[in-house]
Amino acid sequence: MSMTNVAALRTDAEHDQLSINTIRTLSIDAVERAKSGHPGTPMALAPAVYTIWNRVMRFDPQDPIWPNRDRFVLSNGHASMLLWSVLHLTGTCAVNPDYERLGQPSVSLEDIRRFRQIGSKAPGHPEYHWVSGVETTTGPLGQGVATSVGMAIAQKWLADRYNRPGFAIFDYDIYVVCGDGCLMEGVASEAASLAGHLGLDNLCWVYDNNHITIEGQTSLAFTEDVATRFLAYGWNVLRVGDANDLERIEHALGVFRETKGRPTLIILDSHIGYGAPHKHDTAAAHGEPLGEEEVRLTKRSYGWPEEAQFLVPDGVREHFAAGIGARGAAARSRWTALFASYRAKYPELASEIDQMQRRDLPAGWDHNLPVFPADAKGIAGREASGKVLNLLAQNIPWFLGGSADLGPSNKTTLTYEGAGSFQAGSRGGKNLHFGIREHAMAATVNGLSLSKLRAFGATFFIFSDYARPAIRLSALMELPTIFVFTHDAMGDGEDGPTHQPVEHLASLRAIPGLVTLRPGDANEVVEAYRYVMQLRHQPAVLALSRQPLPTLDRRVFASAAGVARGAYVLADPQSGNPEVLLIASGSEVSLAVEAHEKLLAEGIRSRVVSMPSWEIFDQQTQEYRDSVLPPAVKARVAVEQASTFGWERYVGSAGRVIGMTTFGASAPLKALQKKFGFEPDRIVAAARQLLGRQ
């Protein structure tokens, strides 16, 4: 039968099946043309994704950033053609970074034809900042499911703060499709445990149980009872034994929406490569094209024209328009009318929602940030940070966060009256308790940020290793997340090298788009937060000291506002141009100041440069950078309790770096500083040597 001009004659079931097979064949054709990709999972999961989108989700393709839309996360992101197909078939519209609707498709048929090619809006994995309708970047398995926990927490928090009787402003759900790979990853276990504890009943994971990974049968490495595992986490567990049974899938999703107090896992038994006569249920259907002959045979099994490519039959787009298009438009229209009434009755709360959605900050958000007086004994970076966080959380209603079980040590606990803790029975709390789950914490913070909250996560700097994959995704997605890492160097000396970060600054500085700040005293901590809070499309890391750092007298030294430029001249000789530059970050700034004073006493003109952030400094004009680090001054000493890697860009071939080339040791801080040369006299000696004045 011809695939065109018969739309009006089809039954609902025929429309369903034709739409599902359109998703399947678009996926097959795109992978085949690209000569790379993953066709098997889209072939298996097309019915489930079709059911979620066209029968269940509250999502308006004409406004994919409507605040109360249901969220869809494709955690097994290698199956991205599932998402590109439904975004195209639903007519989802593009939105630019300024939240303007562009009136053009998010994913065109031409994008699908150019799957995985440069410039296509159908890349190899879902990319949040690149394609409208993508709620989060996925690809590294487990990240999507973990991020969805942050989205679910956000909805609960938003509902608690903003919903009022008769005004359900935020009541959306989060639907996640995941696979065996996601559930094998440790981050998924961390996240599932946290979601169960918090009773996130707005969260539904659909687990594609197809028993296949790249190496073959999952029985090679994965034989646990997933259902029992999730029951132990406190989840509601459902099973659908046939991934092609739309009614049972829809029924299971209905049970999810009726379940209270528990997140839901739907175990969906599927067949990877469904319909491919020779690759059905095989690893060969997972990560490579089917091949021309297998494509023809597969299309034959679907009743599809064997030679047709990228075919969207008449009636398919109309069927989606009558389903998700009409349902989503009606839901958004009702919400828009509701929000207009809400605005009239609760104008201040409505204004907050507006600001939050634009990633703006309320007026006066930084009006009472502290100014710390000069103090030779000083205050630890983490202590100053704690004071700032508590003020910011009071000034910015949607600012919240927590620590991976280290709140008292990170000083990130919000202690002001009414801050509270987010728990199953207290959804408005601003203190998030992630437990000892650094990776899930970072991914959850991403989910909170994707929901337009301003969120932070915290742990010891050494454990940023456990969070790094999610931090990288935060940078890739251009999210304004904040990661507070304390115990930034050797300040916890007796704990030894397992707790002393060495390579971590270099590692994080290597992530494109991530701003890393290591403030040198309490006032630099304040200015670091002032800078970070104004970011809209960049994540930031603050590396803070455990031990007290002298608070510099800013009547003598330059203003800490220089932090906003990444590096600034802290101290100069009273007369004449500097002969040597002393460059430092964090706890070593005060050492550089002491060395500077010793050098001046010897008649050596030195300049101290505080450099809390390489990334911010590198964004400044060449004129400014040269004013801070004059090219004519070749004698330069950089000091940092971390790997020396990368410092050559600032000290040049003639300079010297006092840093770490080994791991640390277990000893009191002062003994470690002496052993590894982090003392003023070592800096003075290096400066003398560079100037030939030994």
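Residues numbered from 1 in each chain as written. Predicted model: local features only at pLDDT ≥ 70, side-chain atom pairs only at ≥ 80, totals over all residues. Heavy atoms only, no water.

Chemist: In this structure, what is going on with the overall build of the protein chain? I would like to understand it.
Modeler: Across its full length, the protein chain carries 24 helices and 22 strands. Its C-alpha atoms give the protein chain a radius of gyration of 28 Å, within 12% of the compact-globule value 26 Å for 694 residues. Burial status across the protein chain gives 62% buried among its 694 residues. In the protein chain, the proportion of contacts linking residues at least 24 apart, taken out of those at least 6 apart, comes to 76%. (Helix = DSSP H or I, 4+ residues; strand = E, 2+ residues; numbered from the N terminus. Rg over C-alpha atoms; globule rule 2.2 N^0.38 Å. Buried < 20%, exposed > 50% of the residue type's maximum accessible area, 1.4 Å probe, protein only. Contact = heavy atoms within 4.5 Å.)

Chemist: Which parts of the structure should I look at to understand the pattern of salt bridges?
Modeler: Opposite charge on two side chains permits pairing when their charged atoms draw close. Summed over all chains, the structure comprises 34 salt bridges. We note a salt bridge from Glu306 to Arg300, for which the minimum N-O separation is 2.7 Å. Judged by relative accessible area, which is 27%, Glu306 ranks as partly exposed. In the salt-bridge network here, residues are joined through shared partners; they are Asp16, Arg55, Glu247 and Glu250. (Salt bridge = Lys/Arg side-chain N within 4 Å of Asp/Glu carboxyl O.)

Chemist: What exactly am I supposed to notice about the sheet that holds strand β19 (residues 580-584) here?
Modeler: The 5 strands are arranged β18-β20-β19-β21-β22 in an open sheet whose pairing can be described as mixed. On the outer flanks of this sheet lie β18 (568-571) and β22 (656-660), each paired with one strand and no other. Taken pair by pair, the neighbouring strands of this sheet meet at an average axis angle of 25°, ignoring direction. Pairing geometry for β19 and strand β20 (residues 606-610), over 5 bridges, is parallel. Within β20, the position partnered with Leu582 by the bridge is Val608. (Pairing = 2+ DSSP bridges. Axes fitted to C-alpha atoms, helices over the stretch in contact; angles between N-to-C directions.)

Chemist: What is the right way to look at the packing of aromatic side chains in this model?
Modeler: Given two aromatic rings, their pairing is described by the distance between the two centres and the angle made by the two planes. Taken as a whole, this structure holds 25 aromatic pairs when the rule is applied. Ring geometry for Trp53 versus Phe72: centroids 5.6 Å apart, planes at 70°, classification edge-to-face. You can see Trp53 sitting in helix α2 (residues 40-56) and its partner Phe72 sitting in strand β1 (residues 71-74), a full 19 residues away along the chain. By the burial criterion, Trp53 is buried, and Phe72 matches it. Every member of this aromatic cluster is reached through a ring pair, and the members are Phe167, Trp335, Phe339, Tyr342 and Tyr346. Over the ring of Tyr346 we find Arg164; its NZ or CZ atom is 5.7 Å from the centre of that ring. Looking at Arg565, its charged tip hangs above the ring of Tyr624, at a distance of 3.7 Å from the centre. (Phe/Tyr/Trp six-rings, centres within 6.5 Å; stacked < 30°, edge-to-face > 60°. Lys NZ or Arg CZ within 6 Å of the ring centre and 35° of its normal.)

Chemist: Help me understand the confidence of the model for the protein chain, please; the structure alone is not making it clear to me.
Modeler: Any residue range with low pLDDT should be treated as having predicted coordinates unsuitable for detailed reading. Confidence in the prediction for the protein chain averages 97 pLDDT; 99% of positions are at 70 or higher. Scored below 50 in pLDDT, residues 1-6 shows 10 contacts in the model against residues more than four places distant or in partner chains. (pLDDT = per-residue confidence, 0-100.)

Chemist: Honestly, the nonpolar core in this entry has me stumped. Any pointers?
Modeler: In summary, soluble globular proteins display a tendency toward joint burial of nonpolar side chains. Core analysis: the biggest nonpolar cluster contains 165 residues, and Tyr162, Leu203 and Trp205 have the highest contact counts within it. Examining the composition of this core, we find that 11 residues originate from one element, helix α5 (residues 143-162), more than from any other. Counting 62 residues, the second largest nonpolar core, distinct from the first, contains Tyr50, Phe72, Ala122 and Val177. (Core = buried A, V, L, I, M, F, W, Y, C linked by side-chain atoms within 4.5 Å.)

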